[in-house]
Every structure is written in structure tokens, then in C-alpha cells.
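Chains, contacts and geometry: an overview
Each chain is listed here by its residues.
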Amino acid sequence: MLQNETPAASLPTAEDGAQAPRLSAADAALLRHSVRRYRDTPVTDDEVRTLLTLTGRAPSAFNLQPWRFVVVRDQGTKDQLRDAAYGQAQVSGAPVLIVLYADMEDTMSHLDEVVHPDLPADKKAATVAMLENTFGGMPPEARAVWANAQANIALGYLLLIAKSEGFDTSPMLGFQADQVKALLSIPAHATITALIAVGRGDVDGFRSHRHAVDRVATFR
Ligand SMILES: Cc1cc2nc3c(=O)[nH]c(=O)nc-3n(C[C@H](O)[C@H](O)[C@H](O)COP(=O)(O)O)c2cc1C
């Protein structure tokens, strides 16, 4: 299993001992696309831990890291989640479904966890006080929106890292959040950022189509 600061060179190998081919960030960006049909090939807990460890390297404002994950591989639960996701087949057809959510209330209750451990005690206490002041004055709904924006950074990381590590994904926002929360005991105040099917694709999926840079960027 990875530790937070493990250098990439010592990442674990695939189940059969072979080093999984790694794609650069650029190659993963070019090659990834949503895949909605998956092979039975298992995705191990160690592989999921690697994906989530690397995903956790995502930056977030104040380093609050408000993202949380539920990793679902139980078939009965995935079948129920598929029903909550308008019958989208990839929810139950992929070996692993990751439910990514943002929980700002959990974050607020554990602010000491996000303060850099190298800070002296007085600076740690001042940082916690500053964060309590900044976010404590916001309505919980506004905090939740803010946290979900941070969790979307983790979503982007996860999709790219999964491709780089040899997996296909299907991110989804088409689901009934209340049902997903009830099935997985996710707190009502949390925001579900996305469901992400993860596995090895059985089909190529659609070729991605994107705006040209000049359509979306100006250079001044
Ligand atoms: C946040 C998010 C939510 C999405 N929701 C769904 C969904 O519910 N169902 C689905 O089939 N695709 C969903 N997609 C996939 C998009 O349609 C897809 O990413 C987009 O068309 C670009 O295609 P590509 O991922 O193949 O490159 C979602 C993608 C994102 C990033």
C-alpha cells in the first residue's frame, strides 16, 4: 500500500507481478474517454488505493481536501445504485464503482488534520482559528458548494490518473443523490460530486471530441 509521500518509482506492480504500463499525463489526457462497458477483470483493493492515493495529491484551497470516497464492489449494492442512476449499465457493470463526495462538515470537525504538521503549535492554532472563522461564518449550504468545487479537482485527477495507471472510467452525474446517500449511509449534508465506474474497458467508447484552443482561450 502507498504512503502519502511514496515516490512514483516505488508504486506497486500489477497483480501478476508485471509492471503496469504507465502513461504520461499528456498521453492519458489524449487517450482517456468515457467507457461504459467493462470486462470482468478485477480491480484489486491495492490498485484502488493507488488510484486514491494519487488522487489525494490534488490541490485544494487551504489544503482542506474535503473529498471523500466510497469504493463499491458488492454486486447487490451496485445493482441498487444502478437503479438510483437511471439504470446506467456501467454503474453495476464495472468491477468497481467509486462514489466521490464532498463533506465540508467532516472537514470542519477535523481542521487540525489539514494544518501542515511542520508548523509550530501557535501557528497551527492560528491557522485552525482562521479556517473556523472563514468557513464558520458561511451558511452550511454555501460551504457545501465550495467543498464540491474542491472535490471536482479530485475528480479530474482521478480520471486522468486512472487512465495513466491502465484503467478506464465513466464519470456520472446522472443519479438521484438522495437515493445514493441512503444506500451508502453518506451524510445528508454531503454533496455527491460524481459516481465513477472503474475497470478495464470492453469496448473503445466514443472518440472524444473537444473544442480547439482558440475557441476557448484568448492570449493577450
Ligand atoms: C461530471 C461529469 C458527469 C457526467 N455524467 C455522465 C452520466 O451521468 N452519464 C454518462 O453516460 N456520461 C456522463 N459523463 C460523461 C460525459 O458525457 C463525457 O465525459 C463527455 O461527453 C466527454 O466524453 P469523454 O469522457 O468520452 O471524453 C459525465 C462526465 C462528467 C465529467
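Each remark here, short or long, concerns the structure printed above.
Here is a short report on the structure shown in this document.

Conventions and cut-offs
- Residues numbered from 1 in each chain as written.
- Predicted model: local features only at pLDDT ≥ 70, side-chain atom pairs only at ≥ 80, totals over all residues.
- Heavy atoms only, no water.
- Pairing = 2+ DSSP bridges.
- Helix = DSSP H or I, 4+ residues; strand = E, 2+ residues; numbered from the N terminus.
- Axes fitted to C-alpha atoms, helices over the stretch in contact; angles between N-to-C directions.
- Buried < 20%, exposed > 50% of the residue type's maximum accessible area, 1.4 Å probe, protein only.
- Arc of directions from axis to C-beta.
- Near = heavy atom within 4 Å.
- Polar contact = N/O pair within 3.5 Å; in protein donor to acceptor, adjacent residues only side chain to side chain.
- Areas by Shrake-Rupley, 256 points an atom, 1.4 Å probe, with all protein chains shown as cover.
- Salt bridge = Lys/Arg side-chain N within 4 Å of Asp/Glu carboxyl O.

Before going further, it helps to examine the sheet that holds strand β3 (residues 168-172). The four strands lie next to each other as β1-β2-β4-β3, forming an open sheet whose pairing is antiparallel. Bordering the open sheet on either side are β1 (67-72) and β3, each of which pairs with just one other strand. In this sheet, neighbouring strand axes are inclined to one another by 20 degrees on average, regardless of whether the strands run parallel or antiparallel. The sheet contact formed by strand β2 (residues 96-102) and strand β4 (residues 191-199) spans seven bridges and is antiparallel. Each bridged residue has a counterpart across the sheet, and for V99 the counterpart in β4 is L195.

Those residues of helix α8 (residues 177-184) that sit buried are V180, K181 and L184. Taken around the axis of α8, the buried residues stretch over an arc of 100 degrees, which confines them to a single face. Structural note: α8 exposes D178 and A182 on the side pointing more than 90 degrees away from its buried face. Two residues or fewer past α8, S185 is found with a positive phi of approximately 55 degrees.

Further remarks concern the site of the ligand. Around the ligand lies a shell formed by R32, H33, S34, R36, Q88, Q90, P171, M172, L173, G174, S208 and R210. Between S34 and the ligand, the recorded distance is 2.6 Å, taken from a side-chain N or O atom to an oxygen atom. Note that a nitrogen atom of the ligand is positioned 2.9 Å from one of the backbone N or O atoms of L173. Calculation on the ligand without its partners gives an accessible area of 610 Å², and the protein chains cover 64% of this total.

At F62, a position not held by glycine, the phi torsion is positive, near 60 degrees. Turning to its location among the elements, F62 is positioned in the loop between α2 (45-55) and β1. Phi at Q65 takes a positive value of approximately 50 degrees, unusual for a residue other than glycine. With respect to the helices and strands, Q65 occurs in the loop between α2 and β1. The exposure class assigned to Q65 is partly exposed, which follows from its relative accessible area of 27%.

The subject of this paragraph is the pattern of salt bridges. Opposite charge on two side chains permits pairing when their charged atoms draw close. One pass over the structure, following the stated rule, counts nine salt bridges. Measuring nitrogen to oxygen at the nearest pair gives 2.6 Å for the salt bridge that ties R22 to E165. Of this pair, R22 sits in the segment before α1 (25-31) while E165 sits in the loop between α7 (140-164) and β3; the two residues are 143 residues apart in sequence, bridging distant segments of the chain. We classify R22 as partly exposed; its relative accessible area is 36%. The partner of D202 in a salt bridge is R37, with the nearest N and O atoms 3.3 Å apart. With D202 in the loop between β4 and α9 (213-216) and R37 in the loop between α1 and α2, the pair connects residues that are 165 residues apart, well separated along the chain. One salt-bridge network, in which partners are shared between bridges, spans D79, R82 and D83.

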